[in-house]
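# Structural features, examined
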Amino acid sequence: MVLFKRKGVVYTPVKDVDLGPYSSESYLQANVKAPRMTGILIKIFTHLLECPILGTFLLFILKGNNLIHELITNAELQESPLYVPLHHFEDTKEREVKCLDSSSSPPEKVQLALDCLPIFSEEKLDGTNPSFLRWTIMDYSKAYRSGDITPRLVAERLIAAIEESIKPPLQMGFFIHYNVDDILRQANESTARYKKGEPISVLDGVPVAIKDEIDCLPYPTTGGTKWLHKERPCKEDACCVKRLRFCGAILVGKTNMHELGSGTSGINPNYGPARNPYDNNKIAGGSSSGSASVVSAGLCPVALGVDGGGSVRMPAALCGVVGLKPTFDRIPHAGVLPLNWTVGMVGILAGTVEDALIAYAAISGEIPSHQPSGVLTKINLPLLSLTKSISDIKLAKYGKWFNDCSDDVRICCSQALYKLQERYSWKTIDVTIPEIEVMRLAHYVTIGSECSTLLDSFREKNFAELGWDARVAQSIYGSFSGLEYLKAQRIRNRQLQFHKKIFAEADVIVSPTTGVTAYPIQDDALNTGELDYVNGAALVRYSIAGNFLGLPAVTVPVGYDKFGLPIGLQFIGRPWSEATLIHLAFAMQVKFKFSLKHQN
């Protein structure tokens, strides 16, 4: 249905665009024109959108007001489409690394990761202390090996903590599903291995949580819905989950998430909101909300999430933990809900950079039988040091974009960057990254179209069972045309060329992780969810390149806003440069570790 055609932008060919600091390219801020809605308003709006004729008209107006027609639909550009951001492997000659043997087992990879860690003190933890105090993987391992505590006792305390977290006044909403018998079974098996002196790896007996977008037996995979698991039963563990099991990790349940990953707050009307441990009246961020929250609270040192639009890094930053999103296809996607197959990636949330590295080593690497060429990509692990870091790092910074955030975030991240430069003599290169807002909209068209495609076969039967905010999102997603999807992929190619030019001059791109800190969970959103695209755009502002272009990225906490809520700084790297990103993240952690709070 064509109502009328609006004029579109004519994009300058990539080769003619200046990426220098004095470029004439203008910075377009997100101009989101959509009011916050909850309760009866969101229900009325949903029904209007679902009306065949009126809904089509409203969606046309919405897309026009939010510049999708001008910047995407009717745009003129020369670049051909790039449908999947699958990068040819290039050895980036990373420094201070060890190379993983691709044929190694997950426990062998974990052992190599341990060899990359700095020397830890041998002090014992008091196994009688009921607080987890954000124990690391090494804390658990040392306590188990010393006999101070057993995996069985940890499991019992964990179950008690989960059950306490469900009740008022906390109501933290960490998990959608957990199974006491299964947790205790795994813990008993791990305890027996330690008694024999035969733990599988340093991960043996360590509690790890899994986002409910990733298959993990014996649990259904709901994607945050009440029904999707009935249409797509979970028959076996996802590849990443199998690898954690091979290492002896205790898989403690399926964490809460924003329904179908279609929002940024983590408020799920089906299972309640996942709350922020720094303030349980604030959001944890989405969509891997429960995974970030459970790590921040100290119940697990590591959790898995899926990052389709900042969905690992965003909640990690809001909850004050580390979030690592690897290069597209670095971690097999087998056994993950195909909600966003060209922008989504399994990612890691952890209390420390060291724990993120151990988990990354355990789950990374292709499935050899799935590689038709037989050529496996090289996986480097960084040799971490408490006293030095890799030198001569060049950080690309786009000032207008970097500063497009709240004052607290801008000041904190700017100070953090200055301190890092001062300590490690890293150099900042001022650059221009053109068409940031265009990339956000093109990514939105892409992730929305892919999610809508998954649900097409289920739409008539189950659509009414979605939460109200998810129904609005699905109506918008389903309105994107083939032409709009095609234009978005041409923009993807264009943006990748821009980023390649920047990476020819710099090692990483640096930015805040989110444009705002965690905002309040309002009571009117609990039953219906909420539409808050203004805050949503601010939360995803710095995340999109990692997903749309398949680039690796990491966020590490660097401070707090005036209310004591965490702020994260992000590094975005070249394809396959996870080791460099982890080096930088660890250097940042060393610099800021004394100012970071630990949640009990």
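Residues numbered from 1 in each chain as written. Predicted model: local features only at pLDDT ≥ 70, side-chain atom pairs only at ≥ 80, totals over all residues. Heavy atoms only, no water.

## Points about the overall build of the chain
- Along the backbone of the chain there are 21 helices and 15 strands.
- In terms of overall size, the chain behaves like a compact globule, its C-alpha atoms giving a radius of gyration of 23 Å where 600 residues would be expected to give roughly 25 Å.
- If one aligns the C-alpha atoms of the chain with their principal axes, the spans along those axes are about 75 × 55 × 55 Å.
- Residues counted as buried form 62% of the 600 residues belonging to the chain.
- Put simply, 80% of the contacts in the chain that link residues at least 6 apart link residues at least 24 apart.
- Entry remark: accessible area of the chain is about 22500 Å², with carbon and sulfur atoms responsible for 54%.
- A gap of 2 Å separates the mean positions of the 62 positive and 62 negative side-chain charges of the chain. (Helix = DSSP H or I, 4+ residues; strand = E, 2+ residues; numbered from the N terminus. Rg over C-alpha atoms; globule rule 2.2 N^0.38 Å. Buried < 20%, exposed > 50% of the residue type's maximum accessible area, 1.4 Å probe, protein only. Contact = heavy atoms within 4.5 Å. Areas by Shrake-Rupley, 256 points an atom, 1.4 Å probe, with all protein chains shown as cover. Lys, Arg positive; Asp, Glu negative; His and termini not counted. Charge placed at Lys NZ, Arg CZ, Asp CG, Glu CD.)

## Some points on a nonpolar patch on the surface
- A surface patch of nonpolar side chains, amounting to about 550 Å² of accessible area, comprises Ile40, Leu41, Ile44, Leu48, Leu54 and Phe57.
- For the nonpolar patch, the secondary-structure elements that each account for two or more residues are α1 (39–49) and α2 (52–65).
- The greatest single-element share of the nonpolar patch, amounting to four residues, is contributed by α1.
- Relative to the elements of secondary structure, Phe57 occurs in helix α2. (Patch = residues over 30% accessible without salt bridge, like charges linked within 9 Å, V, L, I, M, F, W, Y side chains within 5 Å. Salt bridge = Lys/Arg side-chain N within 4 Å of Asp/Glu carboxyl O.)

## A look at the sheet that holds strand β15 (residues 566–573)
- In spatial order, the strands read β2-β4-β3-β7-β9-β8-β14-β15-β13-β11-β12; together these eleven strands make up an open sheet with mixed pairing. The strands lining the two open edges of the sheet, one partner per strand, are β2 (175–177) and β12 (427–430). Each strand axis lies, on average, 35 degrees off the axis of its neighbour in the sheet, ignoring direction.
- With respect to the sheet, helix α10 (residues 289–296) is in contact with β2, β3 (207–211), β4 (250–255), β7 (302–307) and β9 (345–350), its orientation differing from that of β7 by roughly 155 degrees.
- Against the sheet, helix α21 (residues 578–592) contacts β8 (322–325), β11 (394–397), β13 (508–512), β14 (553–560) and β15, and its axis sits at roughly 10 degrees relative to β14. (Pairing = 2+ DSSP bridges. Axes fitted to C-alpha atoms, helices over the stretch in contact; angles between N-to-C directions.)

## Thoughts on unusual backbone geometry
- For the bond running from Pro168 to Pro169, omega is 5 degrees, close enough to zero to count as cis.
- Secondary-structure assignment places Pro169 in the loop between α6 (151–166) and β2.
- Here the residue pair Leu217 and Pro218 is connected by a cis peptide bond, since its omega of 10 degrees sits within 30 degrees of zero.
- Examined against the element boundaries, Pro218 turns out to sit in the loop between β3 and α8 (228–231).
- A positive phi angle is found at Asp329, which is not glycine, with a value near 80 degrees.
- Look at Asp392: it is not a glycine, yet its phi comes out positive at around 60 degrees.
- Classification of Asp392 by relative accessible area gives exposed; the value is 59%.

## Points about helix α5 (residues 137–146)
- Buried within α5 we find Ile137, Met138, Tyr140, Ser141, Ala143 and Tyr144.
- Summarising the contacts, the buried residues of α5 are in contact with α4 (106–115), α6, α7 (180–195), β3, β7 and α12 (353–363).
- Downstream of α5 by one or two residues, Gly147 has phi in the positive range, about 85 degrees.

## Brief notes about the nonpolar core
- The biggest cluster of nonpolar side chains holds 190 residues, and the ones touching the most others in it are Leu244, Ile348, Leu569 and Phe571.
- No other element matches the ten residues that helix α15 (residues 436–455) contributes to this core.
- Residues contacting Leu244, with those up to four places away along its chain left out, are Leu203, Val208, Ile210, Ala249, Leu251, Leu304, Ala362 and Ile363. (Core = buried A, V, L, I, M, F, W, Y, C linked by side-chain atoms within 4.5 Å.)

## Focus: the side chain of Ser293
- Locating Ser293 in the fold gives a position in helix α10.
- Polar contacts involving the side chain of Ser293 include one to the main-chain carbonyl oxygen of Arg275, which spans 2.5 Å. (Polar contact = N/O pair within 3.5 Å; in protein donor to acceptor, adjacent residues only side chain to side chain.)

## Observations regarding the confidence of the model for the chain
- Overall, the prediction assigns the chain a mean pLDDT of 93, with 94% of residues at 70 or greater.
- Confidence drops under a pLDDT of 50 for residues 121–132, and excluding neighbours within four residues, the segment shows 20 contacts in the predicted structure. (pLDDT = per-residue confidence, 0-100.)

## Quick word on α7
- Taking 1.5 Å per residue, 16 residues should reach 22 Å; α7 reaches 22 Å between its end C-alpha atoms and fits that length.
- Among all positions of α7, only Asp182, Ile183, Leu184, Gln186, Ala187, Ser190, Thr191 and Tyr194 are buried.
- Residues of α7 that are buried in the fold lie against α5, α6, α9 (239–246) and β4.
- One side-chain oxygen at the N-terminal end of α7 lies 3.0 Å from the backbone nitrogen of Asp181; it belongs to Asn179.
- Positioned one or two residues after α7, Gly197 has a phi angle of 75 degrees, which is positive. (Expected span 1.5 Å × (residues − 1).)

## Observations regarding the environment of Ala350
- Structurally, Ala350 can be placed in strand β9.
- By relative accessible area, which is 0% here, Ala350 ends up buried.
- In contact with Ala350, not counting residues within four places along its chain, are Val295, Pro301, Val302, Val321, Val322, Asp355 and Ala356.

## Topic: the packing of aromatic side chains
- Going through the model one piece at a time under the given rule, you end up with eleven aromatic pairs.
- Seen in terms of ring centroids, Tyr424 and Trp426 are 4.9 Å apart; in terms of plane orientation they differ by 20 degrees. Their pairing is stacked. When sorted by exposure, Tyr424 lands in the same class as Trp426, which is buried.
- Pairwise contacts between aromatic rings join Trp135, Tyr140, Tyr144 and Tyr194 into one cluster.
- Sitting over the face of the ring of Phe402, Lys397 holds its NZ or CZ atom 4.6 Å from the ring centroid. (Phe/Tyr/Trp six-rings, centres within 6.5 Å; stacked < 30°, edge-to-face > 60°. Lys NZ or Arg CZ within 6 Å of the ring centre and 35° of its normal.)

## Observations regarding the side chain of Arg471
- Relative to the elements of secondary structure, Arg471 occurs in helix α17 (residues 468–478).
- Exposure remark for Arg471: the relative accessible area of 7% places this residue in the buried category.

## Side note on the pattern of salt bridges
- Counting across every chain of the model gives 24 salt bridges.
- Where Asp204 meets Arg193, a salt bridge forms, and the shortest distance between an N and an O atom there is 2.8 Å. Of this pair, Asp204 sits in the loop between α7 and β3 while Arg193 sits in helix α7, and the two are eleven residues apart along the sequence.
- Two residues, Asp507 and Arg574, come together in a salt bridge whose shortest N-O distance is 3.7 Å. Residue Asp507 is found in the loop between α18 (482–503) and β13, and its partner Arg574 is found in the loop between β15 and α21; the two are separated by 67 residues along the sequence.
- Look at Asp507 and you get buried, because its relative accessible area is 17%.
- Connected through shared salt-bridge partners, Arg36, Asp524 and Glu530 make up one network.

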